[in-house]
Amino acid sequence: SVGGESFEVGGVSDAVASSTRVNNMSVRAQAGSGAGTLITGFNVSGAGAKKLLVRAIGPGLAPFGVTGVLADPMLTVFRVGNGTDAVTIGQNNDWSATTTAFAQSVGAFPLPVGSKDAALVLELPAGGYTAQVVGADGSKGAALVEIYDGDAAGSTGARLSNISVRGNAGSG
């Protein structure tokens, strides 16, 4: 935060041509708990449902030279609506090897065996969603939120259409 204030930063928009497919979107920021929760918003637009891989990476960033990582990220995905309360769609703490094959199929980098990173495979209808990341043990640190399109290239119907993030901005 700058002067104790948090900022929202917008990302990719729905302005791309309808035939364009976004394969994945990601954001890296500090995550903690409470006001330090890393919140990533995304949309699925169009008809039908979209199969997605949503991951919260903390320890898996260390092999890439990232220091101060979130030791044990907990990932929760919510559906948000027009003036309605958010509904929990899924939650994960400590990913399962059952997501490995799907992660490979979408081109996600492999996670170290036994790492405390988090991952969910979801099939979501059109709508607005948030992926929220906190330290499962109350810790804070650098985290990467990734959202991968799991449908085959050239598929029609629902598509991943934008991403935004609410995180703390700081100096350094």
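Residues numbered from 1 in each chain as written. Predicted model: local features only at pLDDT ≥ 70, side-chain atom pairs only at ≥ 80, totals over all residues. Heavy atoms only, no water.

1. Side note on the pairing of strand 6 (residues 118–135)
For a regular strand, side-chain orientation follows a simple rule: the groups alternate between the two sheet faces.
Working step 1: Relative to strand 6, strand 3 (residues 38–57) is paired through 15 bridges, and the arrangement is antiparallel. Looking at strand 6, one finds that Val 44 is bridged to Gly 127.
Working step 2: Both strand 4 (residues 73–80) and strand 6 contribute to a ladder of eight bridges, which runs antiparallel. Residue Arg 79 lies in a different strand from strand 6, and its bridge partner there is Tyr 129. (Pairing = 2+ DSSP bridges. Helix = DSSP H or I, 4+ residues; strand = E, 2+ residues; numbered from the N terminus.)

2. Concerning the confidence of the model for the chain
Working step 1: Taken as a whole, the chain shows an average pLDDT of 82; of its residues, 80% reach a score of 70 or greater.
Working step 2: Averaged pLDDT values for the elements of the chain fall to 44 in strand 1 (residues 7–10) and rise to 94 in strand 4.
Working step 3: Low pLDDT, under 50, characterises residues 1–18; the stretch is placed with 34 contacts to residues that sit more than four places away or in other chains. (pLDDT = per-residue confidence, 0-100. Contact = heavy atoms within 4.5 Å.)

3. Observations concerning the nonpolar core
Working step 1: Grouped together as the largest cluster of nonpolar side chains are 27 residues, with contacts concentrated most on Leu 38, Phe 42, Leu 52, Val 54, Leu 75, Val 77 and Val 133.
Working step 2: Counting residues per element, the ones that place at least two in this core are strand 2 (24–31), strand 3, strand 4, strand 6, strand 7 (141–149) and strand 8 (159–167).
Working step 3: With residues up to four places along the chain from it excluded, the contact list for Val 54 reads Leu 75, Val 77, Ala 118, Ala 119, Leu 120, Leu 122, Ala 131, Glu 146 and Ile 147.
Working step 4: Listed in part, the 15 residues of the second largest apolar core include Val 66, Val 106, Ala 108 and Ala 119. (Core = buried A, V, L, I, M, F, W, Y, C linked by side-chain atoms within 4.5 Å. Buried < 20%, exposed > 50% of the residue type's maximum accessible area, 1.4 Å probe, protein only.)

4. Quick word on the side chain of Thr 130
Working step 1: With respect to the helices, strands and loops of the structure, Thr 130 is situated in strand 6.
Working step 2: Judged by its relative accessible area of 13%, Thr 130 is buried.
Working step 3: A distance of 3.3 Å separates polar atoms of two side chains, one belonging to Thr 130 and the other to Gln 132. (Polar contact = N/O pair within 3.5 Å; in protein donor to acceptor, adjacent residues only side chain to side chain.)

5. Observations concerning the packing of aromatic side chains
Working step 1: Summed over the entire model, instances satisfying the criterion amount to two aromatic pairs.
Working step 2: Measuring from centroid to centroid gives 5.0 Å for Phe 64 and Phe 109, while their planes differ by 75°, and the two rings are edge-to-face. Within this pair, whereas Phe 64 is found in the loop between strand 3 and strand 4, its partner Phe 109 is found in the loop between helix 1 (100–105) and strand 6, the two being separated by 45 residues in sequence.
Working step 3: On the accessibility criterion, Phe 109 (18% relative accessible area) is buried.
Working step 4: Lying over the aromatic face of Phe 109, Arg 55 brings its terminal NZ or CZ to 4.8 Å of the ring centre. (Phe/Tyr/Trp six-rings, centres within 6.5 Å; stacked < 30°, edge-to-face > 60°. Lys NZ or Arg CZ within 6 Å of the ring centre and 35° of its normal.)

6. Focus on unusual backbone geometry
Working step 1: With phi around 75°, Asp 94 is a residue other than glycine that occupies positive phi space.
Working step 2: Along the polypeptide, Asp 94 turns up in the loop between strand 5 (87–93) and helix 1.

7. Focus on the environment of Ala 56
Working step 1: Of note, Ala 56 is situated in strand 3.
Working step 2: Judged by relative accessible area, which is 0%, Ala 56 ranks as buried.
Working step 3: Apart from the residues within four sequence positions on either side, Ala 56 is in contact with Pro 73, Leu 75, Asp 117, Ala 118, Val 133 and Leu 144.

8. Some details on the pattern of salt bridges
Working step 1: Tallied over the full model, the rule gives three salt bridges.
Working step 2: Residues Lys 50 and Asp 149 are paired through a salt bridge, measuring 3.1 Å at the closest nitrogen-oxygen approach. Placement of Lys 50 in strand 3 and of Asp 149 in strand 7 is noted, with a sequence separation of 99 residues between them. This pair shows no difference in class: Lys 50 is buried, exactly as Asp 149 is.
Working step 3: Close ionic contact of Arg 55 with Glu 146 constitutes a salt bridge, the shortest N to O distance being 2.7 Å. One end of the pair, Arg 55, is in strand 3; the other, Glu 146, is in strand 7, with 91 residues separating them in the sequence. (Salt bridge = Lys/Arg side-chain N within 4 Å of Asp/Glu carboxyl O.)

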